[in-house]
Amino acid sequence: MSPYVLALMLLSLGLGTTVAFASSHWLLAWVGLEINTLAVIPLMARNHHPRAVEAATKYFLIQASAAAVLLFAGTTNAWITGQWDLQQTAHPLPVAIITLALALKLGLAPLHSWVPEVYQGLDLTTGLILATWQKLAPLALLIQVQPAGSSLMVFIGLTSTLVGGWGGLNQTQLRKILAYSSTAQLGWVVLALQFSPSLATLALLVYIAAATTMFLTLKLANATSINMLAISWAKAPALVALTPLVLLSLAGLPPMTGFMPKWLILQELSKQGLALTATLAALTALLSLYYYLRLTYAMTLTMHPNNLAGTPPWRLRSGHLTIPLVCLAIATVSLLPLTPAATALVAL
């Protein structure tokens, strides 16, 4: 892909997200989401591989369907209330339709089945964009339309944490594991969304830092399956020593940064009288913990089945920019002591 075309696509991604963030009109929000979708599809199909083209086609069809449903819901809301304003979406019917359309765009359960297949057909860089940047605009709209006490949001969040943990248990492809991890982590974000949007934003930022670290690590190690992780220790020993901590942070174990949002979300759910929901969410996190520990074991305690003992592969100098990766890895692992400051910000 030409550098000029790549720059145009990336700028269009930023424009679409900015338009969706700044919009107060349903048509303008829809336009922002469509710009986002149309900008990322050439990035997905740039490898000219059948799997990449298939993934781009699936993504386009799913996002177009969700956008059509979203536009229908906005029109229905305008018909009922006489308003196109996002803040005037008060009727339960358009709110439910909008929630399901945005859940489909985000890949939340039970509308998640496209996510693993699309991720599997992409390279790790485009997968990173889908797992992080493409979640921002739909979540911003979801925050604006959610009324307090919506049981639909709690159901979607809890189902996402369960399906995201359950679906990744028997996977051997790393991109599918990261796809299910994305569904599970966004389930935690959605659980906190209607009760504390600032807490949901904190959880999203921690997830973005951890997911970016994992995608960049796998790109540096050139690994796409669990077996390929077994030789990554010979390529970047220091990074492999740090990556298990990042995985445990994604799982939400103390004393890593990922424990902070999960702890605060469970506390918030308990305050709202949803102790059973908090208990179920904490139990579903154990499912995700299993496959994170599986990746940790494969990376640090095993050797590649085709690699003879005592003959490690060449350790060549990497051409990747590693300073952002190191900074993100340290942030993902070591920011738990800032929990009081984060709590004060969430309470504002």
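What counts and how
- Numbering of residues begins from 1 in every chain and follows the order in which that chain's sequence is written.
- At least 70 in pLDDT is required for a residue's local features to be given in this predicted model, at least 80 for side-chain atom pairs to be given and counted, and no such filter applies to totals for whole chains, interfaces and linings, which use all residues.
- To get the side-chain values, take all heavy atoms of the structure and skip hydrogens and water.
- UniProt positions are given in the numbering used here, feature names are shortened, and annotations may be inferred rather than shown by experiment.
- The helix count covers DSSP runs of H or I at least four residues long, the strand count covers runs of E at least two residues long, and both are numbered beginning at the N terminus.
- Relative accessibility under 20% of the residue-type maximum defines a buried residue, over 50% an exposed one, and the middle range a partly exposed one, all with a 1.4 Å probe and only protein chains included.
- Any two residues whose heavy atoms approach within 4.5 Å are treated as being in contact.
- The source of the domain bounds is an automatic or database domain assignment.
- Accessible area that two parts lose when put together, evaluated with a 1.4 Å probe and summed over both, is termed the buried area.
- Counting of polar contacts relies on pairs of N or O atoms within 3.5 Å, with two restrictions inside protein: one atom must be capable of donating a hydrogen and the other of accepting it, and residues adjacent in sequence are counted only when both atoms are side-chain atoms.
- Each residue receives one of three labels: charged for Asp, Glu, Lys and Arg, nonpolar for Ala, Val, Leu, Ile, Met, Phe, Trp, Tyr, Cys and Pro, and polar for the others, Gly being one of them.
- The definition of a nonpolar core used throughout is a set of buried Ala, Val, Leu, Ile, Met, Phe, Trp, Tyr and Cys residues joined through side-chain atoms within 4.5 Å.
- Residues qualify for a patch when their relative accessible area is over 30% and they have no salt bridge, like charges being joined within 9 Å and the nonpolar side chains of Val, Leu, Ile, Met, Phe, Trp and Tyr within 5 Å.
- Calculation of accessible area relied on Shrake-Rupley with a 1.4 Å probe; when residues are assessed, cover is drawn exclusively from the protein chains displayed.
- What counts as a salt bridge is simple: a side-chain nitrogen of Lys or Arg found within 4 Å of a carboxyl oxygen of Asp or Glu.
- Lines are fitted to the C-alpha atoms to define the axes, a helix being fitted only along its stretch in contact, and any angle between axes, read from their N-to-C directions, falls within 0 to 180 degrees.
- The cut-offs work like this: below 35 degrees is roughly parallel, past 145 is roughly antiparallel, 65 to 115 is roughly perpendicular, and the gaps in between are oblique.
- We call a crossing left-handed when the near helix sits turned anticlockwise from the far one by less than a right angle, and right-handed when that turn is clockwise.

Going by the annotation in an unreviewed UniProt entry, the name recorded for the protein chain is NADH-ubiquinone oxidoreductase chain 2, with Pleuragramma antarctica given as the source organism. A UniProt comment under Catalytic activity (unreviewed entry) is attached to the protein chain, and it reads "a ubiquinone + NADH + 5 H(+)(in) = a ubiquinol + NAD(+) + 4 H(+)(out)".

A. The arrangement of the environment of Ser181 in detail. Its place among the elements puts Ser181 in helix H9 (residues 174–193). For Ser181, a relative accessible area of 2% translates into the label buried. Distance from Ser181 to Pro261, taken between C-alpha atoms, is 16 Å for residues 80 residues apart in sequence. Aside from chain neighbours lying at most four places away, what touches Ser181 is Leu250, Tyr291 and Tyr292.

B. Local environment of the domain arrangement of the protein chain. What the domain assignment reports for the protein chain is domain 1 (1–106) and domain 2 (150–307 + 319–347). When each unit is reduced to the centre of its C-alpha atoms, the spacing between domain 1 and domain 2 is 26 Å. Every contact between the two is made by 5 residues of domain 1 and, on the other side, 4 residues of domain 2. Where domain 1 abuts domain 2, roughly 340 Å² becomes buried across the two surfaces, and 90% of that area is made up of carbon and sulfur atoms. By the criterion of area lost to domain 2, the three top residues of domain 1 are Thr99, Leu100 and Leu106, representing 76% of everything that side buries. Run the count over domain 1 and domain 2 and you get 0 residue pairs in polar contact (both at pLDDT 80 or more). Split by residue class, the side of domain 1 that touches domain 2 holds 4 nonpolar, 1 polar and no charged.

C. Up close: the UniProt feature "signal peptide" (unreviewed entry) in the protein chain. The feature "signal peptide" (unreviewed entry), as given by UniProt, occupies residues 1–20 in the numbering adopted here. Helix makes up 90% of residues 1–20 and strand makes up 0%, while its end C-alpha atoms are separated by 27 Å.

D. Broad picture of the nonpolar core. The biggest cluster of nonpolar side chains holds 101 residues, and the ones touching the most others in it are Val40, Met44, Tyr59, Val118, Leu130, Leu204 and Leu218. In this structure, this core is formed jointly by two domains, domain 1 (1–106) and domain 2 (150–307 + 319–347), each of which donates at least three residues. The contacts of Met44, once residues within four sequence positions are left out, are Ala52, Ala55, Ala56, Tyr59, Val118, Leu122, Thr126 and Leu130.

E. The arrangement of the environment of Ala331 in detail. Considering the arrangement of structural elements, one finds Ala331 in helix H16 (residues 323–334). The class for Ala331 is partly exposed, based on a relative accessible area of 25%. Taking the C-alpha atoms as reference, Ala331 lies 38 Å from Thr89; in sequence the two are 242 residues apart.

F. Geometry of a nonpolar patch on the surface. On the surface, Leu276, Leu280, Leu283 and Leu286 cluster together into a nonpolar patch covering about 400 Å² of accessible area. Among the secondary structure elements, Leu283 is positioned in helix H15 (residues 275–300).

G. Structural context of the packing of helix H1 (residues 3–22) against helix H2 (residues 26–44). Taken N-terminus to C-terminus, the directions of H1 and H2 make an angle of 155°; their axes are 7 Å apart at the nearest point. As the angle between them shows, H1 and H2 are arranged roughly antiparallel. You can see that H1 and H2 cross each other, and the crossing is left-handed. Contacts between H1 and H2 involve Leu6, Met9, Leu10, Ser12, Leu13, Leu15, Gly16, Thr17, Val19 and Ala20 from the first element and Leu28, Ala29, Gly32, Ile35, Asn36, Ala39, Val40, Pro42 and Leu43 from the second. When its residues are assigned to classes, the contact of H1 with H2 shows 14 nonpolar, 5 polar and no charged.

H. Quick look at the pattern of salt bridges. Throughout the structure, instances matching the rule amount to 4 salt bridges. For the salt bridge of Glu54 with Arg51, the shortest nitrogen-to-oxygen distance reads 4.0 Å. Pair noted here: Glu54 and Arg51 are both in helix H3 (residues 50–81), with a separation of 3 residues, about one helical turn. With a relative accessible area of 36%, Glu54 lands in the partly exposed category. On the basis of relative accessibility, which here comes to 36%, the residue Arg51 falls in the partly exposed class. The partner of Glu117 in a salt bridge is Lys176, with the nearest N and O atoms 3.5 Å apart. In this pair, Glu117 sits in helix H5 (residues 114–120) while Lys176 sits in helix H9, placing the two residues 59 residues apart along the sequence. A relative accessible area of 18% places Lys176 in the buried class. Among the ionic contacts, a cluster of salt bridges with common partners joins Arg51, Glu54 and Lys58.

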